[in-house]
Amino acid sequence: MGQKGADTRDRLLDATRDLVEAGGYFGAGLNQVIAASGAPRGSLYFHFPGGKDQMVGESVRRAGRSIGDAMGGLAESGASAAEVVETVLRLLGDRLEASDWLKGCPVATVALETAATNDTLQQACSQVYTSWEAILRARLADHPDADDLAVTILALIEGALLLARAHRSRDPLDRVARRITTLLS
């Protein structure tokens, strides 16, 4: 695939992520993705022969890698586990607030809407969450209950994002950041 094809594919994935995050899986139709991306209709089917599920799954994985890369980079910088989580919560909070409370976690909306009924998307969401847990677990390796702690922290982050979006306030994110710092002390 040439650069033009890669750019078109990227635009389709970016548009899919934005639309799904803001309006959910069922609120993001293929016509909306085409319009938002500016890509020709034939490009959608060329790049994603598996249709919407393939495109959404790849979009979820891509967004998950982006957040995972940020988490991993922080962890590799020598930041403590608490600092990694605080920074991730701040970055996600900034993103949520900048989007006028539309864009929380790029995985959660898809997971909530489709995981029980769509194996393809359930697997994509599960893979992303598993990768995030692994990053946290590696940073928490000195803790005797690193596995449980990684899942707990991820659940706290996801819950805080949901509450922040519902309340249109950063307060849940700030509270969870403080509680995680205490938990890891």
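Please refer to the structure placed before this passage.
What counts, and where the lines are drawn
- Residues numbered from 1 in each chain as written.
- Predicted model: local features only at pLDDT ≥ 70, side-chain atom pairs only at ≥ 80, totals over all residues.
- Heavy atoms only, no water.
- Salt bridge = Lys/Arg side-chain N within 4 Å of Asp/Glu carboxyl O.
- Helix = DSSP H or I, 4+ residues; strand = E, 2+ residues; numbered from the N terminus.
- Buried < 20%, exposed > 50% of the residue type's maximum accessible area, 1.4 Å probe, protein only.
- 1 Å grid on protein atoms, 1.4 Å probe; cavity = no way out; pocket = protein on both sides within 12 Å on 5 of 7 lines; lining within 4 Å.
- Points joined across faces, edges and corners; volume = space filled by probe spheres on them.
- Phe/Tyr/Trp six-rings, centres within 6.5 Å; stacked < 30°, edge-to-face > 60°.
- Core = buried A, V, L, I, M, F, W, Y, C linked by side-chain atoms within 4.5 Å.
- Contact = heavy atoms within 4.5 Å.
- Axes fitted to C-alpha atoms, helices over the stretch in contact; angles between N-to-C directions.
- Parallel < 35°, antiparallel > 145°, perpendicular 65-115°, else oblique.
- Left-handed = near helix turned anticlockwise from the far one by under 90°.
- Nonpolar A, V, L, I, M, F, W, Y, C, P; charged D, E, K, R; others polar.

### Thoughts on the pattern of salt bridges
A pair can form between side chains of opposite charge whenever their charged atoms are brought close. Tallying each qualifying case throughout the model produces 12 salt bridges. Arg 17 is the salt-bridge partner of Asp 14, the closest N and O atoms lying 3.6 Å from each other. Of this pair, Asp 14 and Arg 17 both sit in helix H1 (residues 3-23), three residues apart, roughly one helical turn. A relative accessible area of 24% means that Arg 17 is categorised as partly exposed. Within the structure, one salt-bridge network assembled from shared partners comprises Asp 10, Asp 14, Arg 17, Asp 18, Arg 62 and Lys 103.

### Regarding empty space enclosed by the protein
Counted under the stated rule, the structure contains two cavities of 30 Å³ or more. Looking at the largest cavity, its volume works out to about 50 Å³. Lining the largest cavity are Ile 67, Met 71, Val 88, Leu 92, Trp 132, Leu 154, Ile 157 and Glu 158. Those elements that place two or more of their residues in the lining of the largest cavity are helix H4 (51-76), helix H5 (81-98) and helix H8 (146-167). Examining the composition of the lining of the largest cavity, we find that three residues originate from one element, H8, more than from any other.

### What about the packing of aromatic side chains?
Following the criterion strictly, the structure yields two aromatic pairs and no others. Seen in terms of ring centroids, Tyr 25 and Phe 26 are 4.9 Å apart; in terms of plane orientation they differ by 90°. Their pairing is edge-to-face. What makes Tyr 25 buried here is its relative accessible area of 10%. For Phe 26, a relative accessible area of 60% puts it in the exposed group. For the pair Tyr 129 and Trp 132, a centre-to-centre distance of 5.6 Å together with 80° between the ring planes defines the contact as edge-to-face.

### A closer look at the nonpolar core
Trp 132, Leu 140 and Ile 153 are the most contacted members of the largest nonpolar core, which has 45 residues in total. Listing elements by their share of this core, those giving two or more residues are H4, H5, helix H6 (108-114), helix H7 (119-139), H8 and helix H9 (171-184). Examining the composition of this core, we find that nine residues originate from one element, H8, more than from any other. Filtering out sequence-adjacent residues up to four positions away, Ile 153 remains in contact with Val 85, Leu 136, Leu 140, Ile 180 and Leu 184.

### Here's the deal with the packing of H5 against H8
A packed helix pair is summarised by two numbers, namely the angle formed by the two axes and the spacing between the axes. Axis separation between H5 and H8 bottoms out at 11 Å; the angle between their running directions is 25°. Taken together, the axes of H5 and H8 are roughly parallel relative to one another. Considering the relative orientation of H5 and H8, their crossing is right-handed. Note on element contacts: H8 touches H5 through Ile 153, Ile 157, Leu 161, Ala 164 and Arg 165, opposite Val 85, Leu 89, Leu 92 and Leu 96. Here the residues of the contact of H5 with H8 sort into eight nonpolar, no polar and one charged.

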